[in-house]
Amino acid sequence: MISLTTAAIDHHFVKPTFNNQRLIAIKEGRHPVVDTVLKKKRYVANDIIMDENTDILLITGPNMGGKSTYMRQLALIVILAQMGSFVPAKAANLMVFDQIFTRIGASDDLVSGQSTFMVEMSEANVALRHASEHSLLIFDEIGRGTATYDGMALAQAMIEYVGENIKAKTVFSTHYHELTFLDEHIKNL
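Because the structure is a prediction, the values reported are computed rather than measured.

A. Main features of the sheet that holds strand E7 (residues 136-140). The strand order across the open sheet built from four strands is E4-E8-E7-E6, with neighbouring strands paired in parallel fashion. For this open sheet the edge positions go to strand E4 (56-60) and strand E6 (100-103), each flanked by a neighbour on one side alone. Strand-to-strand twist of the sheet, defined as the mean angle between neighbouring strand axes without regard to direction, takes the value 5°. Where E6 and E7 come together, four bridges link them in parallel fashion. Opposite arginine 103, over in E7, you have phenylalanine 139 as the bridge partner. Packing against the sheet, helix H4 (residues 116-130) makes contact with E6 and E7, and its axis sits at approximately 160° to E6.

B. Up close: unusual backbone geometry. The backbone phi angle of histidine 12 is positive, close to 60°, even though this residue is not glycine. Of note, histidine 12 is situated in the loop between helix H1 (2-10) and strand E1 (17-19). You can call histidine 12 exposed: its relative accessible area is 56%. We note that glutamate 28 has phi near 50°; this positive angle belongs to a residue other than glycine.

Calculation notes
Residues numbered from 1 in each chain as written. Predicted model: local features only at pLDDT ≥ 70, side-chain atom pairs only at ≥ 80, totals over all residues. Heavy atoms only, no water. Pairing = 2+ DSSP bridges. Helix = DSSP H or I, 4+ residues; strand = E, 2+ residues; numbered from the N terminus. Axes fitted to C-alpha atoms, helices over the stretch in contact; angles between N-to-C directions. Contact = heavy atoms within 4.5 Å. Buried < 20%, exposed > 50% of the residue type's maximum accessible area, 1.4 Å probe, protein only.

Structural measurements only, silent on function.
Next comes the structure, spelled out in structure tokens:
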């Protein structure tokens, strides 16, 4: 607890609050590692708002545009809050999550015969099978390990499945700008 207290004081963390309304309201959230490394020279704090009617945030943009940092920032703030720490934000009101599932980064297990794509699909499968409406899903660039249209179809199918069946709070980043039309068909996106 001394380490958490020191970090909270040194980096101006705030005490989070919790709610039962399936609400995420983070004002001027920061990624604690990136914020420290940049020493506040260029880091721009970000709000993350997901009300009771918003279960999925779909984020698009170029490489190095900050999508992964934004997603990891949310996961870190949730983990810090739920372990009893203050958080790197101006304010944070969070629901309590039962589990956090992430699919971030490219990794493989070639020794066991699993390509990067197979690892990605296996990890996404675990999340989709075990997540509940009280879970947090962080999916970064699902479908990038295969052909463009196959990847886009996988990403769309996962977004639709989460939106219609699981209803977990989900942040889903993609290079597939074509998927932005989904907000017309998925009411909680």
